[in-house]
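Now for the letters of each chain:
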Amino acid sequence: MAEVTSLATGRSAALSDQIAAVIPGGVDSPFRSFQEVGGYTLFLSKAEGAYVFDVDGNRYIDFLGAWGPAILGHCPKPVVAACQQAIASGPVFGAPCTLELNMAQALIAAYPVVEKVRFVNSGTEAVMSAVRLARGYTGRDLIVIFEGCYHGHSDSVLASRDHSASAGVPQSVADNTVRVPYNDSPALAKLLAELGQQIAAVLIEPVAGSMGVVPPEAGYLEQVRGLCTKHECLLIMDEVLTGLRLARGGAYELYGVQPDLACFGKALGGGMPIGAYGGPAEIMNALQPVGQVYQAGTFSGNPVTMAGGIETLKLLSEEGVYEHLEARAAQLFDGLRPVIAELSFPVQLQRVGSMFAILFAPHPVRNYQDSLQIDNQRYAKFFHGLLSRGIYMPPSAVDAACVSRAHSREDVDTMIDVCSAVLRAL
Ligand SMILES: *Cc1c(COP(=O)(O)O)cnc(C)c1O
């Protein structure tokens, strides 16, 4: 049984105060803040393998995984070495480089729907560019998104006709995005029957990673694919989180449903900032300078990121990687199930491969409406219980936690022990 410990985090507390004076909320990305769980954010100073370390010298077993990139664990040696070599040869050229060619070939080999690819610098850019490409290619303006899916912070995906996740998006932009419930193909069928002729693309997370790791129900992705084909709109799969994580070929490989365009990010760069989008040559050739759709980037395809990505794809093709991810994630849930069965409150264990969520909800979460029933206050207590015992989880109930290649059986055993103790005390 894990002992109840409380780690000293005084330096983080002091730095949290200082940073809030110079960076809004003390974070460069709002979901990093501990707003939902309370308390001050930890300042991390180092990450290695399955662990992160804070400025007070505490070590945590890390299940945040940097929100997705750390699929191999932190700082895998071959990735670090390749990036160091690339940076020493010049971190940015503003001209094509061999690493870019090799990275494109490696991604195409891993994800055969992609015949041509463009590299950008974030998942946001990848989705934003894929949406523009879809609009330019089809000559249609509307896009469809799903309640509770996250696609980064470009205007078109932050707000829709009926909902806005941000101030500052003009209504005229939001009017071109239509939102329907996830895991509900009749709702999509109805919408496409009405507006199909105007819809450029249906944009979907094949597994929803920001409303509690919600898998697509049996047949759902196939139905979405069928509807897109019927109405001649493009299916864009946002594989920014699932790409490389669920399989080398992402959700496409796992579920066998073929998108027209796929977006990547997170794990693809081995820790370096990256995004990518790709598809058939016929669609991708609508991009300038071949076609008419503009997309660019000073740092796009830079050698350091490309070197990190190539090494990552290489390491992910080694024997046993995905078996390891599956085994460690299964070990965790198998270990938690008997504990959860004894509790007086309901807990839902949701996972697809190495993406998982521990949800304090009455029923399994299958869409955004269900996710609203999650008890965030209980999660806040759970989160801090874990954190004070050396386990780092996402500071938000609904966001996917991640198992990495670096987690050992012992790390997961420790996680099970700590979770069990904290859950029983809730
Ligand atoms: C994280 C994420 C994005 C945005 O990627 P950034 O690199 O943070 O811009 C887009 N889509 C999905 C599914 C994501 O998980």
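Residues numbered from 1 in each chain as written. Predicted model: local features only at pLDDT ≥ 70, side-chain atom pairs only at ≥ 80, totals over all residues. Heavy atoms only, no water.

Observations concerning the overall build of the protein
Next, step 1: Along the protein, the regular secondary structure elements total 15 helices and 16 strands.
Next, step 2: A compact globule built from 426 residues should have a C-alpha radius of gyration of about 22 Å, and the protein, at 21 Å, falls within 12% of that.
Next, step 3: Taken along the three principal axes of its C-alpha coordinates, the protein extends 60 × 55 × 45 Å.
Next, step 4: Out of the 426 residues belonging to the protein, those deemed buried represent 56%.
Next, step 5: Sequence separation of at least 24 residues holds for 72% of the intrachain contacts in the protein that already meet a minimum separation of 6.
Next, step 6: For the protein, the exposed area adds up to about 17,800 Å²; of that, 53% sits on carbon and sulfur atoms.
Next, step 7: For the protein, the centre of its 29 positive side-chain charges and the centre of its 41 negative side-chain charges are spaced 1 Å apart. (Helix = DSSP H or I, 4+ residues; strand = E, 2+ residues; numbered from the N terminus. Rg over C-alpha atoms; globule rule 2.2 N^0.38 Å. Buried < 20%, exposed > 50% of the residue type's maximum accessible area, 1.4 Å probe, protein only. Contact = heavy atoms within 4.5 Å. Areas by Shrake-Rupley, 256 points an atom, 1.4 Å probe, with all protein chains shown as cover. Lys, Arg positive; Asp, Glu negative; His and termini not counted. Charge placed at Lys NZ, Arg CZ, Asp CG, Glu CD.)

Observations regarding the pattern of salt bridges
Next, step 1: If you walk through the whole model with that rule in mind, you get 10 salt bridges.
Next, step 2: A salt bridge links Glu48 to Lys46; the shortest N-O distance between them is 3.7 Å.
Next, step 3: Residue Glu48 is classed as partly exposed on the basis of its relative accessible area, which comes to 42%.
Next, step 4: We classify Lys46 as partly exposed; its relative accessible area is 45%.
Next, step 5: With its nearest N and O atoms 2.7 Å apart, the salt bridge here joins Arg337 to Asp334. Of this pair, Arg337 and Asp334 both sit in helix 12 (residues 321-341), three residues apart, roughly one helical turn. (Salt bridge = Lys/Arg side-chain N within 4 Å of Asp/Glu carboxyl O.)

Quick word on the site of the ligand
Next, step 1: In the vicinity of the ligand, the contacting residues are Ser122, Gly123, Thr124, Tyr150, His151, Gly152, Glu205, Asp238, Val240, Leu241 and Lys266.
Next, step 2: For the ligand, an oxygen atom lies 2.9 Å from a polar atom in the backbone of Gly123.
Next, step 3: At a separation of 3.3 Å, a nitrogen atom of the ligand approaches a polar backbone atom of Tyr150.
Next, step 4: The fraction of the free accessible surface of the ligand (380 Å²) that becomes covered by protein chains is 86%. (Near = heavy atom within 4 Å. Polar contact = N/O pair within 3.5 Å; in protein donor to acceptor, adjacent residues only side chain to side chain.)

Focus: the side chain of Asn367
Next, step 1: Tracing the backbone through its elements, the reader meets Asn367 in the loop between strand 14 (355-359) and helix 13 (368-371).
Next, step 2: In this structure the side chain of Asn367 is engaged in a polar contact, spanning 2.9 Å, whose partner is the backbone nitrogen of Asp370.
Next, step 3: Those residues within four positions of Asn367 in sequence are excluded, and the remaining contacts are Tyr182, Met211 and Val214.

Quick notes on the sheet that holds strand 16 (residues 401-402)
Next, step 1: Spatially, 13-14-16 is the arrangement adopted by the three strands of the open sheet, whose pairing is antiparallel. The sheet is open, and its two edges are formed by strand 13 (348-352) and strand 16, each paired on a single side.
Next, step 2: Note: strand 14 against strand 16, two bridges, orientation antiparallel. Residue pairing across strands places Met355 opposite Cys402, the latter belonging to strand 16.
Next, step 3: Of the strands in this sheet, strand 13 and strand 14 touch helix 12, which is tilted by about 170 degrees from strand 13. (Pairing = 2+ DSSP bridges. Axes fitted to C-alpha atoms, helices over the stretch in contact; angles between N-to-C directions.)

Comments concerning helix 11 (residues 303-316)
Each turn of an α-helix holds 3.6 residues, which means side chains three or four residues apart point in the same direction.
Next, step 1: With 14 residues, helix 11 ought to run about 20 Å at 1.5 Å a step, and its terminal C-alpha atoms sit 20 Å apart, in line with that.
Next, step 2: Most of helix 11 sits inside the fold, with 13 of its 14 residues counted as buried. (Expected span 1.5 Å × (residues − 1).)

Some points on the domain arrangement of the protein
Next, step 1: If you check the domain split of the protein, you get domain 1 (10-63 + 319-425) and domain 2 (77-316).
Next, step 2: Between the C-alpha centres of domain 1 and domain 2 there is a distance of 26 Å.
Next, step 3: Counting residues at the interface gives 23 residues for domain 1 and 25 residues for domain 2.
Next, step 4: Of the roughly 1,900 Å² buried at the junction of domain 1 and domain 2 (both faces included), carbon and sulfur atoms supply 60%.
Next, step 5: Inspection of the domain 1/domain 2 interface yields one salt bridge.
Next, step 6: Arg366 serves as the salt-bridge partner of Glu217, at 2.4 Å between the closest nitrogen and oxygen.
Next, step 7: Across the domain 1-domain 2 interface, the total number found is 11 residue pairs in polar contact (both at pLDDT 80 or more).
Next, step 8: Listed by contribution, the elements that provide at least two residues to the side of domain 1 that touches domain 2 are helix 12, strand 13, strand 14 and helix 13.
Next, step 9: Sort the elements by how many residues they give to the side of domain 1 that touches domain 2 and strand 14 lands first, with four residues.
Next, step 10: When its residues are assigned to classes, the side of domain 1 that touches domain 2 shows 15 nonpolar, five polar and three charged. (Domains from an automatic or database assignment. Buried area = accessible area lost by both parts, 1.4 Å probe. Nonpolar A, V, L, I, M, F, W, Y, C, P; charged D, E, K, R; others polar.)

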